[in-house]
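Report on the structure
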Amino acid sequence: MEILSQLPDFLAYLATLPTWYLLFFFGFSNFLENVFPPWPGDSFTVFSGFLAGQTNAKIGIFELGIATLIGNWIGALLMFYFGKRVIRFLRETKIELIRKLYEEEPFEKTIHWFRNYSGFVIILSRFSAGIRFFVSIVAGLSKMNVFLFLFYYTIAIFLWCGLLLFGGYQLGENWDQIVVSLSIYNRIISFIIISIIVFILGYYFYRKKVRS
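The rules behind each value
- Residues numbered from 1 in each chain as written.
- Predicted model: local features only at pLDDT ≥ 70, side-chain atom pairs only at ≥ 80, totals over all residues.
- Heavy atoms only, no water.
- Helix = DSSP H or I, 4+ residues; strand = E, 2+ residues; numbered from the N terminus.
- Buried < 20%, exposed > 50% of the residue type's maximum accessible area, 1.4 Å probe, protein only.
- Contact = heavy atoms within 4.5 Å.
- Areas by Shrake-Rupley, 256 points an atom, 1.4 Å probe, with all protein chains shown as cover.
- Patch = residues over 30% accessible without salt bridge, like charges linked within 9 Å, V, L, I, M, F, W, Y side chains within 5 Å.
- Salt bridge = Lys/Arg side-chain N within 4 Å of Asp/Glu carboxyl O.
- Phe/Tyr/Trp six-rings, centres within 6.5 Å; stacked < 30°, edge-to-face > 60°.

1. Brief notes about the overall build of the chain
Across its full length, the chain carries 10 helices and zero strands. Put simply, the chain runs from its N terminus to its C terminus through helices and strands in the order α-α-α-α-α-α-α-α-α-α. The burial tally for the chain puts 41% of its 212 residues in the buried class. The contacts in the chain between residues at least 6 apart in sequence include a share of 73% that link residues at least 24 apart. Surface exposure of the chain reaches about 12700 Å², of which carbon and sulfur atoms provide 70%.

Shown next, in the form of structure tokens:
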């Protein structure tokens, strides 16, 4: 969000671009947020909805939705197959310390848990910029069926990105109010996620210490 707030001139420049340039940029923006978490993709998605809602709009909400969907698909699939490569590397590496990580019980339990709740986790992850990046990788790690992964991810895109596009479209000039709300929302979600991770790690090391 901080990045976007420092680029008012860039947003103004975006509004002057031809239709196909705009569609490419917003599609690429959605791709980039899947592979580079600091990128403020959600904010650009809201802004794209605002542009589509103008009376003299160069882009329609339908083609914007298609660009958003394709950008997310490509980014998510890239990280999904990256996850599959990681699991192969962990299994086949000659480095004993890294191969041991693959054989560790907590690692296997995490993968098993994800397999049991993959649909719920994938859909929910789209609502947090902090975890959507990792979920695609974990889906690849778990050897999830790629078509099933895309099915759940598409549902998540329609829910989350549809909400952002519709919000920017409806609020018009006040679209930036959503950006402010997103900033607060992401901070709260990030705090909750970090707290959960710290608790789980603390519990794990406590159990390990008790067993030893």
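2. A short note on a nonpolar patch on the surface
Side chains of Ile-61, Phe-62, Ile-66, Ile-70, Trp-73, Ile-74 and Tyr-169 sit close together on the surface and give an oily, nonpolar patch of about 660 Å² of accessible area. Within the fold, Ile-74 resides in helix 5 (residues 61-92). Judged by its relative accessible area of 48%, Ile-74 falls in the partly exposed class.

3. Points about the packing of aromatic side chains
For the structure shown, the criterion picks out 12 aromatic pairs. Note on Phe-28 and Phe-31: the rings are 5.8 Å apart at their centroids and 35° apart in plane angle, and the pair reads as tilted. Of this pair, Phe-28 and Phe-31 both sit in helix 3 (residues 19-35), three residues apart, which is roughly one turn of that helix. An aromatic cluster of three or more residues is present, and its members are Phe-25, Phe-26, Trp-39 and Phe-44.

4. As for the side chain of Ser-142
Relative to the helices and strands, Ser-142 is located in the loop between helix 8 (132-141) and helix 9 (146-171). Judged by its relative accessible area of 4%, Ser-142 is buried. Residues within four places of Ser-142 in sequence aside, it is in contact with Ile-111, Phe-114 and Arg-115.

5. Some remarks on helix 8
Burial analysis of helix 8 places eight of its 10 residues in the buried class, which makes it a mostly covered element. All of the buried residues along helix 8 are Arg-132, Phe-133, Val-135, Ser-136, Ile-137, Ala-139, Gly-140 and Leu-141. Immediately beyond the C-terminal end of helix 8, within one or two residues, lies Lys-143, with a positive phi of roughly 60°.

Purely geometric numbers; function is a separate question.
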